[in-house]
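Secondary and tertiary structure notes
Single-letter residue listing:
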Amino acid sequence: MDQNIQTPAQTAPMGVTQVKEDDEIDLLEVLGILLKHKVFLAFCIVVGAAVGFVASNWARPQYTSDALLQIDVKGNKAGKAMGEMGALLDVASPAEAEIELLKSRMVLSYVVEQEHLCFNAYPKGALKRLTHKEGRMDLEFLHIPRIAIADKWMAKAVSEDEYVVITPEETELVKGKLGESVVAAYAGDTLMINVKMMRAEPGQLFVLAESDPLDAMRGLVKTMNVAEKGKQTGIIGVSYTHQYPDRAAAILNSVANIYLRQNVEMRSAEAEKTLEFLEQQLPGVKAKLDSAEKNLADYRHKIGSVDMTGETRAHLEKDANLQRQILELEQQRQQATRLFKEEHPSVQTIVKQQNRLRAELSKLKTSAEKMPLTQQEVLRLQEEVAVQNAQYTSMLNNIQQLRVVRAGEVGTVRVVDYAQIERRPSKPNKKMILLGCIAGAFLLGALLIYLLQMTKRGVRSSLEIERETGVSVYAKIPQSENNILSKRKKGKNTLPLVEEDPDDPASEAFRSLYTAIDFSISGQKVVMVTGMIPGVGKSFVSKNLAALYAGSNKKTLLIDADMRRGVVYSHHKQGLGDVLAGKCTMDSVVADSLVKNLFVIGAGNCDVSPSELLRGDNFKNMLEEAKTKYDMIIVDTPPLNLVTDSELIYPVIDFALFVLHYGRHSMDQIRESMLKIGRCGDRPHAFVMNHVEHDGHGYGYGYGYGYGYGHYGKYGYYGNKKKKS
């Protein structure tokens, strides 16, 4: 027992690093795990490439057009007055307000109406979409009956200029031609459609859709990108993406033109309102002028000619001049009150001037009362005609001026660059989609590998096992890729791996195990091989270890003591169970094998429990007899944690080898099994780790501490023999 207990200092030879911490990441180990699953990763990459190819071709090409607008920043006096301080205080740029106006419903509602964005016809057909051979249909107008607006309406191309509309019931409703409005009755309502352009092969289907104008505006806002070029430059860039390049340019130019028109209209809104008011008042003023002239003409006709003295004419001219000045000041006062309150000095100055002129006019009327009555009446009528004529003439002049202002208004926005039709699509980027899908599939595959690796919470380090249990790990047998393991079946006679493929890394690990055991037993003959749970490969280890002893010219006996589920092949139907039950002798059940000097005893048949057969001295006596006839005896026993057979065999053997599955056992399970077997006796024993995965290090497998020739590929004692053959 002492020879199997080693201190941590003894377990690690000089130059070998101690056990790494659990939270330490070893890049070589990561690469080794990925390399081991290279076939699965290659499959993931192929799947990712296929998905990327389909995704890149499934996405419809999109074309992006852009336009450039310039905002007049002369009105931003606050920022200019503050200079650099204005930038520090983040004075708002006029472009920010214009950007919001560009995306407002006030502008986009007209765009949606003008470009018919509420009416859509989407091409249908998966194969045509993948091959980019879809047709196109542009609608001028579409009205779907309200009762079936949520259902699926379709149109099918019949010829170059004809189509039919298909109802949700998949029946043809009406046939139409390009450019003609089609009306058809459906469920008490009316379907109306007008197709202005169509490019499609006969039989191409299109899904018709009539959307709400508000939804169309929201969709336009999402796909339209508006931003200022630079900081406070007044230059606004607008871009829009659409499936068709001509539609992208047309929609973007409509946005620019409508925004420009509305900007001019807002600038001339004041003049427009004043002009509208004056044009409404003009007929009334003209009627008053006509009435005044008629009254004067009638009075002259009644009294005949009246001799107007020079004083009277001067009086009349002065009166008309005062009336005209008062009227002009009244117009100035009305314009001033739009900007200022009545208490403002500018308004008060105009009011004072009006009061002064009215006082002079009052004095003039008082002096006119001294004239004869006939002259007074003529003077009154002439004054009225003069006043009405001056008011009418002034109103005509103002209307003409406002019309000139309205026609000459240019607004604060101008279009620098209109949108052009792009020839190359802006997206999708097929290369990036393909590379992204490949990278995503690779990462997903790697993630699945590591998630699977994380489920294996068992011990992987031989140094950790030796440190915690004090029992040596004699070898780490790698997972072999030899086809013999996949073809091996229960009850079939096959060569052990060390004979079938001596250059396999696992065969080299078995030779290291053989050397370690040979040094440990020191002339003893009986070795027990067992595992803690099924599936660890104990029978695989037993057969290959027995074959190595037989290959060294030692007469070796392999006993299958797993009488419940024996796997060691023997051409005799009787075996160990029959010998222990007294039905036959040991020599009668010994069978030859495919390996020279290797003899086997099968599990045989058991009428009673194997544990009962092993409790007596029959098995011990059989081993004593076998020692006299064989140089080496290997006993393959059942799993330790399932049945008591191994515990009953353990006291009568010379050396025990416990097979561990790499990464499957926890340290608590290993310690518990050692305590369990320790209660049955004190026999030399050691561990061997089977199914070891390559951890990425240069020296992956082998005796004791993980050394071996696995890193060097096909390298072994039999390499030259194979080349010669």
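Structure first, text after, so check above.
Definitions and limits used
- Residues numbered from 1 in each chain as written.
- Predicted model: local features only at pLDDT ≥ 70, side-chain atom pairs only at ≥ 80, totals over all residues.
- Heavy atoms only, no water.
- Pairing = 2+ DSSP bridges.
- Helix = DSSP H or I, 4+ residues; strand = E, 2+ residues; numbered from the N terminus.
- Axes fitted to C-alpha atoms, helices over the stretch in contact; angles between N-to-C directions.
- Contact = heavy atoms within 4.5 Å.
- Patch = residues over 30% accessible without salt bridge, like charges linked within 9 Å, V, L, I, M, F, W, Y side chains within 5 Å.
- Areas by Shrake-Rupley, 256 points an atom, 1.4 Å probe, with all protein chains shown as cover.
- Salt bridge = Lys/Arg side-chain N within 4 Å of Asp/Glu carboxyl O.
- Buried < 20%, exposed > 50% of the residue type's maximum accessible area, 1.4 Å probe, protein only.
- Phe/Tyr/Trp six-rings, centres within 6.5 Å; stacked < 30°, edge-to-face > 60°.
- Lys NZ or Arg CZ within 6 Å of the ring centre and 35° of its normal.
- Parallel < 35°, antiparallel > 145°, perpendicular 65-115°, else oblique.
- Left-handed = near helix turned anticlockwise from the far one by under 90°.
- Nonpolar A, V, L, I, M, F, W, Y, C, P; charged D, E, K, R; others polar.

**Some points on the sheet that holds strand β1 (residues 63–71)**
Taken in spatial order, the four strands line up as β10-β11-β1-β12 in an open sheet, and their pairing is antiparallel. Looking at which strands have only one partner, the edges of the open sheet turn out to be β10 (224–228) and β12 (413–417). Across this sheet, the average inter-strand angle for adjacent strands is 25°, counted without regard to direction. As paired elements, β1 and β12 share four bridges and run antiparallel to each other. Considered in β12, the bridge of Gln 70 is made with Arg 414. Packed onto the sheet, helix α6 (residues 94–102) meets β1, β10, β11 (235–242) and β12 and runs at close to 170° relative to β10.

**Let's talk about a nonpolar patch on the surface**
A grouping of Phe 40, Phe 43, Val 47, Val 51, Leu 444, Leu 447, Leu 448, Leu 451 and Met 454 is seen on the molecular surface, where their side chains present a nonpolar patch of about 830 Å² in accessible area. Of all the elements in the fold, those that place two or more residues in the nonpolar patch are α3 (38–58) and α15 (430–455). Residue contributions to the nonpolar patch peak at five residues, all from α15. Examined against the element boundaries, Leu 448 turns out to sit in helix α15.

**What to know about unusual backbone geometry**
Glycine aside, a negative phi is what most residues show, and trans is what most peptide bonds show. With omega at 5°, the peptide bond leading from Lys 427 into Pro 428 counts as cis. Structurally, Pro 428 can be placed in the loop between β12 and α15. The backbone phi angle of Ala 187 is positive, close to 50°, even though this residue is not glycine. With relative accessibility at 54%, the residue Ala 187 sits in the exposed group.

**As for the environment of Tyr 514**
Position of Tyr 514 relative to the elements: it lies in helix α19 (residues 505–521). Assessed through its relative accessible area of 16%, Tyr 514 is described here as buried. In the structure, Tyr 514 is positioned 31 residues away from Leu 545 in sequence and 6.5 Å away in space, judged by C-alpha atoms. With near-sequence residues (within four places) excluded, Tyr 514 lies in contact with Leu 545, Leu 548, Tyr 549 and Ser 552.

**Quick notes on the packing of aromatic side chains**
Scanning all chains against the criterion turns up seven aromatic pairs. Measuring from centroid to centroid gives 6.0 Å for Phe 599 and Tyr 630, while their planes differ by 55°, and the two rings are tilted. Of the two residues, Phe 599 is situated in strand β17 (residues 598–601) and Tyr 630 in the loop between α24 (618–629) and β18 (632–636); the sequence distance between them amounts to 31 residues. Of the two residues examined, Phe 599 and Tyr 630, each falls in the buried class. The lysine or arginine in question, Arg 136, covers the ring of Tyr 244, its NZ or CZ lying 4.1 Å from the ring centre. Looking at Lys 555, its charged tip hangs above the ring of Phe 599, at a distance of 5.6 Å from the centre.

**A few points about the packing of helix α16 (residues 462–469) against helix α26 (residues 667–678)**
Look at α16 against α26: their axes get within 11 Å of each other, and the N-to-C directions meet at 45°. Comparing their axes, α26 and α16 come out oblique. With respect to the hand of their crossing, α16 and α26 are arranged in right-handed fashion. Of the residues in α26, those touching α16 at Glu 464, Ile 465, Glu 468 and Thr 469 are Met 667, Ile 670 and Arg 671. Its residues assigned to classes, the contact of α16 with α26 comprises three nonpolar, one polar and three charged.

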